[in-house]
Amino acid sequence: MVVRFSGVAAQAAGVIVLVALAGVAVAAPVNTALPGGWSWSPMTGGTYDTGLIGTPRGGASGQTTPPFTDTSFGVMNEAGTPWFTGGDQSAQQYVQRQVFGNFGTAGASGRFFNPGYGGTTSGNNFPQAGAERRGVSLNHWSNPNPDAGGVASFGQVVWVPTSARLAVGTGYGADEMLLRIIGGNGGQRSQFFVDGTITANAATTAFGGLSNTSSIRVNAVVAANNAGGGSYDTAWGFGASNNADVTVNRVGAIDAVSVNGVFVQDPGQGVDPNSVGYSFTQDFNVLSALVQTGGSFNVSWDAIAEINNLVRDTTGNGAADARAQMGPGFEGNARLIVEWSAFRAVPTPGAAGLLMLGALAATRRRR
């Protein structure tokens, strides 16, 4: 599952101390004191920007060199492991749920296989729910001229942060949303209700602790021809096309995307057909808790995908079994941006003139 980001963002205004200089309101140092009659002269400021740091991605089967583009669960570019090998028992490539029985998935080797985890054994269906965690590390701002207190010396320069935001992006979803129709009386149709959710949580302990949570719920009613003595795959995700064998109906479906518990929109297709996906960026105002002494901090994402329910409609005459699946994926990115203004401590013109006159008068008295 490959996910992309969109530009949904929200930012709160920061509180800064202002002084009026030349008719323009600008930030000024508040901790470093000025000698009597001195003032802060504004200078050109600047920006500290970590750049956008994203979570790792995986590669195609057998791929050992970048670029890596796959964000699927269990597909990480781990050292010596360009593709999932079964060594990471927390990595679930698929989630699956079956009405009756266990159709099973390859359990020996290959690109897609179930080595046994999540209550399953090797070769069984994948578990009904899967989870994965990924993260990034960013550097705090190291202010070389902080507003650290004391009394300013002549010409001392102080950098004052005027805004600071941490932008946290989250993109997640699922593709390969297949419904395998298994058996049933030939010439008849069976109808199934499929319900799934994908949630993603982003968090950091930096800046006093920040977090958000979002979720996609997607479901469908699928009417499909029975498979007789065999089986076949059909689609239940967005972008799936109806055909003579299958009808996907979303009328009355409880599809929803929510962020921090608030509905934001109906879900839609992800990058590929027969998928679902959503991405957004939230800006956190971190000015009041800004670290100016350097060091690093982490932002982590936890994602959970689950087939909540798969039910066969018993009112019809179809008697097929079915297995629903989706291939979840997610990624995150983060960026810290700090804007600062610079000030130089200088005597005011009047104070400078008095100092000079005083020095001249003293010199004359010595004569």
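1. Structural notes on the overall build of the protein
When you go through the protein residue by residue, the secondary structure sums to one helix and 17 strands. In the protein, which comprises 367 residues, the share counted as buried stands at 43%. Here the protein displays about 16,900 Å² of accessible surface, and carbon together with sulfur accounts for 53% of that area.

2. So, the nonpolar core
The tendency in soluble globular proteins is for nonpolar side chains to be buried as a group. Among the nonpolar cores identified, the biggest contains 58 residues, and Leu166, Leu179, Phe207, Trp236 and Met326 are the most heavily contacted of them. Element by element, the count of residues in this core is highest for strand β17 (residues 321-347), at nine residues. If you look at the next biggest cluster of nonpolar residues, it comprises eight residues, including Ala27, Val160, Phe343 and Ala345.

3. Concerning the pattern of salt bridges
If you walk through the whole model with that rule in mind, you get seven salt bridges. Between aspartate 233 and arginine 180 there is a salt bridge, and its shortest N-O distance comes to 2.9 Å. With aspartate 233 in strand β11 (residues 231-235) and arginine 180 in strand β8 (residues 178-182), the pair connects residues that are 53 residues apart, well separated along the chain. Using a relative accessible area of 38% as the deciding quantity, one classes aspartate 233 as partly exposed.

4. Focus: the packing of aromatic side chains
With the rule as written, the count across this model stands at six aromatic pairs. Relative to tryptophan 340, the ring of tryptophan 159 lies with its centre 3.7 Å away and its plane at 10°, an arrangement referred to as stacked. You can see tryptophan 159 sitting in strand β7 (residues 157-175) and its partner tryptophan 340 sitting in strand β17, a full 181 residues away along the chain. Each member of the pair, tryptophan 159 together with tryptophan 340, is buried.

5. Re unusual backbone geometry
Notably, glutamate 176 is not glycine yet its phi reads approximately 45°, a positive angle. Accessibility expressed as a relative area gives 33% for glutamate 176, which makes it partly exposed. Even without glycine at this site, asparagine 260 takes up a positive phi of about 55°. As for its position among the elements, asparagine 260 is in the loop between β13 (256-259) and β14 (262-265).

6. Section: the confidence of the model for the protein
Per-chain confidence: the protein averages 81 in pLDDT, with 76% of residues scoring 70 or above. Across the protein, β7 holds the top mean pLDDT of 97, while strand β1 (residues 18-21) sits lowest at 32. The low-confidence segment residues 4-25, where pLDDT is below 50, has 46 contacts with residues more than four positions distant or belonging to other chains. Every residue in residues 351-367 is under pLDDT 50, and counting partners more than four places away or in other chains gives two contacts.

7. What to know about the side chain of aspartate 195
Its location among the elements puts aspartate 195 in strand β9 (residues 189-204). Classification of aspartate 195 by relative accessible area gives buried; the value is 5%. Of the polar contacts made by the side chain of aspartate 195, one reaches the side chain of arginine 217; its length is 3.1 Å. If near-sequence neighbours (up to four positions away) are discounted, aspartate 195 is found in contact with Arg217, Val218, Asn219, Glu306, Ile307, Asn308 and Asn309.

8. Here's the deal with the pairing of β13
Note that strand β10 (residues 210-225) and β13 share four bridges and pair antiparallel. What sits directly across from arginine 217, in β13, is alanine 256. Pairing between β13 and β14: three bridges, direction antiparallel. Among the inter-strand pairings, serine 258 is bridged to a residue of β14, identified as phenylalanine 263. Following β13, the chain reverses through two residues before pairing antiparallel with β14; asparagine 260 in that reversal takes a positive phi of roughly 55°.

9. Points about the side chain of glutamine 96
For glutamine 96, the position within the fold is in strand β5 (residues 95-98). On the basis of relative accessibility, which here comes to 2%, the residue glutamine 96 falls in the buried class. A distance of 2.7 Å separates a polar side-chain atom of glutamine 96 from the backbone nitrogen of phenylalanine 126. Setting aside chain neighbours within four positions, we find glutamine 96 in contact with Thr105, Asn125, Phe126, Pro127, Gln128, Ile307, Arg323, Ala324 and Gln325.

10. Quick word on the environment of tyrosine 232
With respect to the helices and strands, the residue tyrosine 232 is situated in strand β11. From its side chain, tyrosine 232 meets the backbone oxygen of asparagine 225 in a polar contact 2.6 Å long.

11. Points about the pairing of β10
Of the pairings in the sheet, the one linking β9 to β10 comprises 16 bridges and is antiparallel in character. Across the sheet, arginine 189 pairs through a bridge with asparagine 225, a residue of β10. Where β9 folds back onto β10 in an antiparallel hairpin, the turn is made up of five residues, including phenylalanine 207, whose phi is positive at roughly 55°.

12. Examining the environment of glutamine 96
Sequence-wise, glutamine 96 and glycine 130 are 34 residues apart; in three dimensions their C-alpha atoms are separated by 9.6 Å. Polar contacts involving the side chain of glutamine 96 include one to the side chain of arginine 323, which spans 3.5 Å.

What counts, and where the lines are drawn
Residues numbered from 1 in each chain as written. Predicted model: local features only at pLDDT ≥ 70, side-chain atom pairs only at ≥ 80, totals over all residues. Heavy atoms only, no water. Helix = DSSP H or I, 4+ residues; strand = E, 2+ residues; numbered from the N terminus. Buried < 20%, exposed > 50% of the residue type's maximum accessible area, 1.4 Å probe, protein only. Areas by Shrake-Rupley, 256 points an atom, 1.4 Å probe, with all protein chains shown as cover. Core = buried A, V, L, I, M, F, W, Y, C linked by side-chain atoms within 4.5 Å. Salt bridge = Lys/Arg side-chain N within 4 Å of Asp/Glu carboxyl O. Phe/Tyr/Trp six-rings, centres within 6.5 Å; stacked < 30°, edge-to-face > 60°. pLDDT = per-residue confidence, 0-100. Contact = heavy atoms within 4.5 Å. Polar contact = N/O pair within 3.5 Å; in protein donor to acceptor, adjacent residues only side chain to side chain. Pairing = 2+ DSSP bridges.

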